[in-house]
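Per-entry structural report
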Amino acid sequence: MKYFYNMKPSCFGFPISIFFIVINEFCERFSYYGMRAVLVLYFKFFLHWDDNLSTVIYHTFVALCYLTPILGAIVADSWLGKFKTIVSLSIVYTIGQVVMAIGSINDLTDHNRDGTPDVLSVHIALSVVGLILIAFGTGGIKPCVAAFGGDQFEDDQEKQRSMFFSIFYLSINAGSLISTIVTPILRGEECGIHTKQRCYPLAFGVPAALMAVALVVFITGSSMYKKVLPQGNIMVRVSKCIAFAVKNRFQHRSKQVPKREHWLDWASEKYDNRLITQTKMVLRVLFLYIPLPMFWALFDQQGSRWTLQATTMDGDFGAIQIQPDQMQTVNPILIIVMVPVVDTVVYPLIKKCGISFTPLRRMTVGMFLAAMAFVAAALVQVQIDKTLPVFPVAGQTQIKVINLDTAEAEVNFGPGLHNVHLPSQGETDYFTLDTASLNALTVSFGNLTKSKTLTALGQNRYTLEIKNDNGNIIDTLVNVQTCSASNYTAFEKGTKEIVAVTNGSKCQQQSMPFGFGSAYTIIINECGSSGLKMRYIKDIPPNTVHMAWQIPQYFLMTCGEVVFSVTGLEFSYSQAPSNMKSVLQAGWLLTVAVGNIIVLIVAGASKLDKQWAEYVLFASLLLAVCIIFAIMGYFYTYVDPAEVEAQLDEEETKKKKEMEIGKEGTAYENGDIAKVSQTEM
């Protein structure tokens with residue numbers, strides 16, 4: 001292996017360069033997980049995508065983040081080297097985060113200053129470009145940073161290298177945990193130039209700033225790094241070996257050609273026995289990877305479906321108000337607690353009970369626990385659905401009527417449709433009408449009647465306000481979702497001070513407490529010497545299912561992650577040759593990418609009307625895959641790569657000696673012939 005470095009300063013036995021790498025990793029993970037924590041809510045509430053499209057785009061992004069590490073590893077090992085790859089792609093990464101932050105600025109296209117973007121396509125384009133750049137940046141540097149940190153140590157610093165990796169992964173979890181707490185709080189703030197909106201620019205801007213800090217810190221330590229020159233990528237060699245074996249076998253498919261013990265043996269004409277044997281070992285593990293994407297399909301929905309589920313729940317934890325996207329912090333918190341508990345308590349207890357809890361059995365249990373987490377999520381969703389309002393579907397319109405007058409009123413929507421009688425200052429709940437039949441309405445206050453033609457009513461909710469103004473019936477039909485005159489104003493749960501100014505009089509009053517997810521229409525009846533008199537009309541009731549009910553599903557999923565993910569990496573490394581670790585790392589990351597692709601396919605193609613049914617579908621699929629994996633694991637034979645490599649070393653040494661003896665024998669025979677020839681002469 002070739003290096004390019006001078007003697008480097010150290011601190012407590014550690015190269016000073018690793019401190020720059022650890023800080024860089026903390027900032028980068030803060031940037032990535034902070035941005036990702038609020039991403040699905042940004043799609044839904046800023047870009048106004050529905051739940052399915054938000055989920056599809058979210059998992060497309062995550063899948064791309066786990067596909068690009070393969071490219072990053074090849075570029076680093078075959079062309080630029082780790083240092084230049086990290087710097088180059090970190091610049092791309094930072095630009096992507098900045099573009100995301102710019103794309104989330106509401107005032108960028110809000111020319112009429114009504115609080116909503118006028119050209120949403122501009123924000124969508126910027127967001128997509130930003131996400132693509134981020135995916136290539138974070139994915140490209142993912143396989144390089146940890147390996148680059150390991151390169152900083154000498155061969156006799158094994159203990160320090162091991163401690164570095166512990167600190168390195170601690171920085172990952174710290175960055176993830178802190179950012180998942182902080183960025184949802186930033187998102188919940190209100191900011192803007194002309195109108196105040198949820199502060200997505202700040203929620204994306206802080207991660208962008210942290211990524212810029214990560215880049216600057218990493219470059220600052222440049223002179224202290226030990227830089228390994230590119231030596232070629234083992235994944236490329238393995239791929240070429242497999243491709244040659246398949247091609248050679250296809251070219252010799254005749255029955256007259258003798259069969260070989262393994263199909264990879266057809267690569268022996270071009271590649272040495274060591275590479276072929278090592279590739280066989282790797283392929284045995286990669287074959288076991290085939291069912292694994294289904295686990296990640298469920299696991300990564302914590303940031304999409306589970307976060308969307310939390311938006312319909314009550315986040316009041318007493319002194320703490322939890323945002324829906326902050327519930328994701330339950331996972332890293334439980335990870336920090338569960339990993340040492342499982343390693344020091346659970347596994348030893350299982351061993352004392354005489355149970356053979358092999359790595360593949362642990363992974364099977366992890367898949368089962370993840371499936372149970374989705375069963376728990378489905379049960380919670382069933383309870384949530386009981387509390388949610390029913391919105392109109394295609395061909396339907398919903399109307400609520402509010403009587404602003406002190407007299408009784410009648411509202412008739414036509415023959416065979418809903419007729420409404422309202423008492424003084426009364427109102428109805430939303431009721432559903434057939435849109436095609438809804439052409440006109442008639443409002444009556446005693447003998448006073450007024451008719452109105454209705455046009456262009458769609459699949460929306462409308463509020464009809466009626467009042468008798470000195471013999472002139474005033475009726476206002478407004479779409480409370482789109483009409484600028486009656487837009488809802490979003491703010492945090494609790495009470496707010498309401499200020500009204502009418503005819504020069506200013507009145508103010510503390511509002512009633514508003515709950516999570518609720519929507520109210522506030523009628524200002526009077527503002528004068530007697531103060532402010534208001535009337536509250538409940539349009540959507542507050543969420544009543546508490547977010548704490550999500551904790552069981554997070555607990556089950558985290559337990560599944562501990563026994564699946566940690567064990568899976570440990571098993572993979574234990575079954576692979578020393579120089580093939582990167583191949584298995586690429587394969588493991590690929591299973592995460594495929595898992596997210598499964599989610600976007602199911603979310604895009606699913607015709608299930610109920611979210612709980614989709615949760616049950618995913619749980620059922622994972623249970624089926626779990627059974628298949630258990631069968632595959634039962635027939636798997638564990639190997640010791642060190643023994644296999646020692647055997648290969650012995651065979652190569654023996655072969656080398658035989659070749660040397662053969663050369664000496666040939667030289668001896670040639671010498672005898674020469675002597676005979678001289679004698680005869």
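Residues numbered from 1 in each chain as written. Predicted model: local features only at pLDDT ≥ 70, side-chain atom pairs only at ≥ 80, totals over all residues. Heavy atoms only, no water.

As for unusual backbone geometry
Just so we agree on the cut-off: Helix and strand assignments follow DSSP, with helices taken as H or I runs no shorter than four residues and strands as E runs no shorter than two, numbered in order from the N terminus. Each residue is placed in one exposure class: buried if its accessible area under a 1.4 Å probe, protein chains only, is under 20% of its type's maximum, exposed if it is over 50%, and partly exposed if it falls in between.
A positive phi angle, near 60 degrees, is found at H48, a position not held by glycine. The backbone of Q425 shows a phi angle near 55 degrees, a positive value even though the residue is not glycine. On the secondary structure map, Q425 appears in the loop between strand 11 (419-422) and strand 12 (431-434). For Q425, a relative accessible area of 26% puts it in the partly exposed group.

Some remarks on the side chain of R461
What counts here: Asp and Glu are treated as the negative residues and Lys and Arg as the positive ones, with His and the ends of the chain left uncounted. What makes a salt bridge here is a side-chain nitrogen of Lys or Arg within 4 Å of a carboxyl oxygen of Asp or Glu, nothing more. Two N or O atoms form a polar contact when they lie within 3.5 Å of each other; inside protein one atom must be a possible hydrogen donor and the other a possible acceptor, and for residues adjacent in sequence the pair counts only when both atoms belong to side chains.
One can find R461 in strand 15 (residues 461-469). Notably, R461 is buried but unbridged: the nearest opposite-charge side chain belongs to D539, and the N-O separation is 6.8 Å. Among the polar contacts listed, one links the side chain of R461 to the side chain of Q398, at a separation of 2.7 Å.

Things to note about the pattern of salt bridges
A full pass over the atoms with the stated rule returns nine salt bridges. R260 is the salt-bridge partner of E269, the closest N and O atoms lying 2.5 Å from each other. For E269, a relative accessible area of 47% corresponds to the partly exposed category. Residue R535 pairs with E427 through a salt bridge whose shortest N-O separation is 2.8 Å.

Observations concerning the domain arrangement of the protein chain
To be explicit about the condition: For every domain, the bounds stem from an assignment made automatically or drawn from a database. Contacts are residue-level and defined by heavy atoms, with any inter-residue pair within 4.5 Å sufficient. Note on terms: buried area is the combined drop in 1.4 Å-probe accessible area of two parts once they are placed together, counting the loss on both.
Examined at the domain level, the protein chain breaks down into domain 1 (14-226), domain 2 (292-387 + 543-647), domain 3 (390-485) and domain 4 (488-542). Listed by partner, the interface residues are 11 residues for domain 3 and nine residues for domain 4. Both faces combined, the contact of domain 3 with domain 4 buries some 750 Å², and carbon together with sulfur accounts for 49% of it. For D539, the salt bridge is made with K400, and the minimal N-O distance between the two is 3.4 Å. The tally of links from domain 3 across to domain 4 stands at six residue pairs in polar contact (both at pLDDT 80 or more). Tallying contributions element by element places strand 9 (residues 396-403) first for the side of domain 3 that touches domain 4, with three residues.

Quick word on the state of the cysteines
Which entries qualify depends on this criterion: For the purposes of this analysis, a disulfide is any pair of cysteine sulfur atoms at a distance within 2.5 Å.
One pass over the full model with this rule turns up one disulfide. Disulfide pairing is shown between C191 and C199; the S-S distance is 2.0 Å. A torsion of 105 degrees about the S-S bond marks the disulfide between C191 and C199 as right-handed. Exposure remark for C199: the relative accessible area of 5% places this residue in the buried category. Looking at C65, it has no disulfide partner, and the nearest cysteine sulfur is the one in C144, 15 Å off.

Comments concerning the environment of A214
Along the chain, the position of A214 falls in helix 7 (residues 200-220). Sequence-wise, A214 and I21 are 193 residues apart; in three dimensions their C-alpha atoms are separated by 8.9 Å. The contact partners of A214, leaving out residues within four places of it in the chain, are N24, C27 and E28.

Details of the packing of aromatic side chains
Definition in use: Each aromatic pair joins two rings of Phe, Tyr and Trp (for Trp, the six-membered one) with centres within 6.5 Å, and gets the label stacked for planes under 30 degrees apart, edge-to-face for over 60, and tilted for any other angle. Think of it as a cone above the ring: NZ of Lys or CZ of Arg counts as a charge over the ring if it is within 6 Å of the ring centre and within 35 degrees of the ring normal.
With the rule as written, the count across this model stands at 37 aromatic pairs. With a centroid separation of 5.4 Å and 65 degrees between ring planes, the pair formed by Y42 and Y200 is classed as edge-to-face. Of this pair, Y42 sits in helix 2 (residues 39-45) while Y200 is found in helix 7, placing the two residues 158 residues apart along the sequence. Both residues of the pair, Y42 and Y200, belong to the buried class. Centre to centre, the rings of F83 and Y225 are 5.8 Å apart; their planes meet at 55 degrees, and the pair counts as tilted. Here F83 is found in helix 4 (residues 82-103), whereas its partner Y225 is found in the loop between helix 7 and strand 6 (227-228), with 142 residues between them in sequence. Each member of the pair, F83 as well as Y225, carries the same accessibility label: buried. Through a chain of ring-to-ring contacts, three or more aromatic side chains come together here, namely Y42, F43, F46, W49, Y200 and F204. Here K142 stacks its cationic end above the ring of Y32, 5.9 Å away from the centre of that ring.

Comments concerning the nonpolar core
Counted only if it meets this: Put simply, buried Ala, Val, Leu, Ile, Met, Phe, Trp, Tyr and Cys residues joined by side-chain atoms within 4.5 Å make one nonpolar core.
Counting 127 residues, the largest nonpolar core has L39, F61, F204 and M367 as its most contacted members. If one sorts the elements of this core by residue count, helix 13 (residues 359-385) sits on top with 12 residues. Per-domain counts for this core show at least three residues from each of domain 1 (14-226) and domain 2 (292-387 + 543-647). With sequence-adjacent residues up to four places away left out, F61 is seen in contact with Y32, M35, L39, L131, I134 and A135. With 19 residues, the next largest nonpolar core counts V401, F413, V443 and I466 among its residues.

Thoughts on the side chain of N331
Relative to the assigned elements, N331 resides in helix 12 (residues 330-352). At 3.2 Å, the side chain of N331 and the side chain of T558 are in polar contact. Excluding anything up to four places from it in sequence, N331 contacts F299, Q302, Y554, T558 and E561.

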